[in-house]
Amino acid sequence: RISLLWDNYNDLDLHCVDPLGNEIFYQNKMSPTGGMLDVDANASPTTRQPVENIFWEFGSAPNGLYRVYVNYYKHHRRSFADATEYKINVLVDGQQQDFSGTLSSRDAKRLVHEFRIEPTLQFAAPAFIELEQAGECIFSVILERSRFSGPVEVELVDPDQELSLSPVLLPA
């Protein structure tokens, strides 16, 4: 989720370019990748505490590079100040980052932040396994996937090369 907040009647706009190059903003509120802008705040000056959000349903944002911009669209006479302080919050996989700055009506659209969403695998296995002579050894492993749904081939490596171990395919 990406949020833009500011504290006057001026019209700022949140923009996000997704990994496929789709720009989500007030003229394109929904991306084919599922990203959505919830509201174009202060298009007509209605609040001194506007908020705009761009979001994807949980877990559905595509992998790749995202670029977040803020644009000063219009100075409204109801707001005495032209310069407008803003805050942008970016929440990805439970980690929030906050950015702030000031824009005025003469400023160009500003790149505020770039971030990547990448698939990850976490694999946990015992550090040490005791083997009985000519016996069978069964042990558990844990595989956690984030944004990765395909099969995984795991190869067990014996640094002393005393054992013959075949790769194991863990299904999707």
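Computed from a predicted structure; not experimentally measured.

What counts as what
- Residues numbered from 1 in each chain as written.
- Predicted model: local features only at pLDDT ≥ 70, side-chain atom pairs only at ≥ 80, totals over all residues.
- Heavy atoms only, no water.
- Helix = DSSP H or I, 4+ residues; strand = E, 2+ residues; numbered from the N terminus.
- Contact = heavy atoms within 4.5 Å.
- Areas by Shrake-Rupley, 256 points an atom, 1.4 Å probe, with all protein chains shown as cover.
- Patch = residues over 30% accessible without salt bridge, like charges linked within 9 Å, V, L, I, M, F, W, Y side chains within 5 Å.
- Salt bridge = Lys/Arg side-chain N within 4 Å of Asp/Glu carboxyl O.
- Pairing = 2+ DSSP bridges.
- Buried < 20%, exposed > 50% of the residue type's maximum accessible area, 1.4 Å probe, protein only.
- Polar contact = N/O pair within 3.5 Å; in protein donor to acceptor, adjacent residues only side chain to side chain.
- Phe/Tyr/Trp six-rings, centres within 6.5 Å; stacked < 30°, edge-to-face > 60°.
- Lys NZ or Arg CZ within 6 Å of the ring centre and 35° of its normal.

Draft legend 1. Local environment of the overall build of the chain. Counting secondary structure elements, the chain contains 0 helices and 13 strands. Starting at the N terminus and walking to the C terminus, you meet the elements of the chain as β-β-β-β-β-β-β-β-β-β-β-β-β. Considering only contacts within the chain whose residues lie at least 6 apart along the sequence, 58% involve residues at least 24 apart. Counting every atom, the chain has about 11200 Å² of accessible surface; 49% of that belongs to carbon and sulfur.

Draft legend 2. Spatial organisation of a nonpolar patch on the surface. Where nonpolar side chains cluster on the molecular surface, the patch consists of Phe123, Phe139 and Val141 and spans about 230 Å² of accessible area. Tracing the chain through its elements places phenylalanine 123 in strand 10 (residues 120-124).

Draft legend 3. Looking closely at the sheet that holds strand 6 (residues 64-74). A sheet is described by the order of its strands in space; here 4 strands give the open sequence 3-2-6-9, paired in antiparallel fashion. The sheet is open, and its two edges are formed by strand 3 (23-24) and strand 9 (110-117), each paired on a single side. Taken together, the 7 bridges between strand 6 and strand 9 define a ladder with antiparallel strand orientation. Among the inter-strand pairings, valine 70 is bridged to a residue of strand 9, identified as arginine 110.

Draft legend 4. Highlighting the side chain of histidine 15. Tracing the backbone shows histidine 15 in strand 2 (residues 11-17). Residue histidine 15 is classed as buried on the basis of its relative accessible area of 4%. Reaching out from histidine 15, the side chain makes a polar contact with the side chain of glutamate 23 at a distance of 2.7 Å. Once residues within four sequence positions are removed from consideration, histidine 15 is found in contact with Glu23, Ile24, Phe25, Ile54, Arg67, Val68, Tyr69, Asn71 and Lys109.

Draft legend 5. Geometry of unusual backbone geometry. Phi angles above zero are rare outside glycine, and asparagine 42 is one such case at about 60°. Positionally, asparagine 42 belongs in the loop between strand 4 (36-37) and strand 5 (51-55). Of note in the backbone geometry, aspartate 93 takes a positive phi value of approximately 50° without being a glycine. Along the chain, the position of aspartate 93 falls in the loop between strand 7 (84-92) and strand 8 (95-103). Judged by its relative accessible area of 48%, aspartate 93 falls in the partly exposed class.

Draft legend 6. Region of interest: the packing of aromatic side chains. Evaluated as defined, the whole model comprises 4 aromatic pairs. Both rings, one in phenylalanine 25 and one in tyrosine 26, keep their centres 5.4 Å apart while their planes meet at 85°; by these two values the pair is edge-to-face. Owing to a relative accessible area of 14%, phenylalanine 25 belongs among the buried residues under this scheme. Between the aromatic rings of tyrosine 66 and phenylalanine 115, the centroid separation amounts to 4.9 Å while the plane-to-plane angle is 0°, which identifies the pairing as stacked. Of this pair, tyrosine 66 sits in strand 6 while phenylalanine 115 sits in strand 9, placing them 49 residues apart in sequence. Neither residue differs from the other here; tyrosine 66 and phenylalanine 115 are each classed as buried. Here a set of aromatic residues connected by ring pairs shows up, and it is made of Phe25, Tyr26 and Tyr73. Taking the ring centre of tyrosine 69 as reference, the NZ or CZ of lysine 109 above it sits at 4.8 Å.

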